[in-house]
Amino acid sequence: MKFRILALPLLALLAAAPAFADATVTIKNFDYSPMDVTIKAGDTVTWKNLDGEPHTVVSVDGAFRSKALDENDSYSFKFDKPGTYKYICSIHPQMKATITVQ
Ligand SMILES: [Cu+2]
């Protein structure tokens, strides 16, 4: 019983911890920075919005889609398959960038 009581909050903590980011993309001044990121299959990319405006991270081919990220919100996606992933901000479609997974 004691173990159960201790283990549950621990599991909740682990589940709430952000995924380890192998690469970080900052969203600032209506740009993704860096615009081109190259990672390995299995790596996780985390985007963080530093603008006062909401932005999203939406894959052109539907592989991933964030909710609207407010200032200082972040979104992570783990890329399991090699390929070229172009993405945009669905609110400001002129914002474009690419993740290349080797
Ligand atoms: Cu945007």
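Attention here is on the structure that accompanies the text. (Residues numbered from 1 in each chain as written. Predicted model: local features only at pLDDT ≥ 70, side-chain atom pairs only at ≥ 80, totals over all residues.)

Notes on the overall build of the protein chain
Here is step 1 of the chain: For the protein chain, the count of helices and strands is 1 helix and 8 strands.
Here is step 2 of the chain: For the protein chain, the residues scored as buried account for 20% of the 102 residues in total. (Helix = DSSP H or I, 4+ residues; strand = E, 2+ residues; numbered from the N terminus. Buried ≥ 20, exposed ≤ 12 C-beta atoms within 10 Å, placed from the backbone.)

Let's talk about the sheet that holds strand β8 (residues 96-101)
Here is step 1 of the chain: If you trace the 4 strands from one edge of the open sheet to the other, you get β3-β8-β7-β5, paired in mixed fashion. Edge positions in the sheet fall to β3 (36-39) and β5 (58-59), since each of these pairs with one other strand and no more.
Here is step 2 of the chain: Sheet topology note: the β5/strand β7 (residues 83-88) ladder contains 2 bridges and is antiparallel. When the sheet's bridge partners are listed, V58 is paired in β7 with I88. (Pairing = 2+ DSSP bridges.)

Examining the sheet that holds strand β4 (residues 44-49)
Here is step 1 of the chain: Overall, mixed pairing links the 4 strands, which are arranged β2-β1-β4-β6 in an open sheet. Two strands close off the open sheet at either side, each with one partner strand: β2 (31-33) and β6 (74-78). Neighbour-to-neighbour, the strand axes of this sheet turn through a mean angle of 20°, independent of strand direction.
Here is step 2 of the chain: By the bridge criterion, 5 bridges tie β4 to β6 in an arrangement that is antiparallel. What sits directly across from W47, in β6, is Y75. (Axes fitted to C-alpha atoms, helices over the stretch in contact; angles between N-to-C directions.)

Some thoughts on the environment of V37
Here is step 1 of the chain: Structurally, V37 is set in strand β3.
Here is step 2 of the chain: Once the C-alpha coordinates of V37 and T100 are considered, the two residues, 63 residues apart in sequence, prove to be 6.1 Å apart.
Here is step 3 of the chain: Non-local contacts of V37, meaning those with residues more than four positions away in its chain, are made with A23, V25, V45 and I99. (Contact = placed C-beta atoms within 7 Å.)

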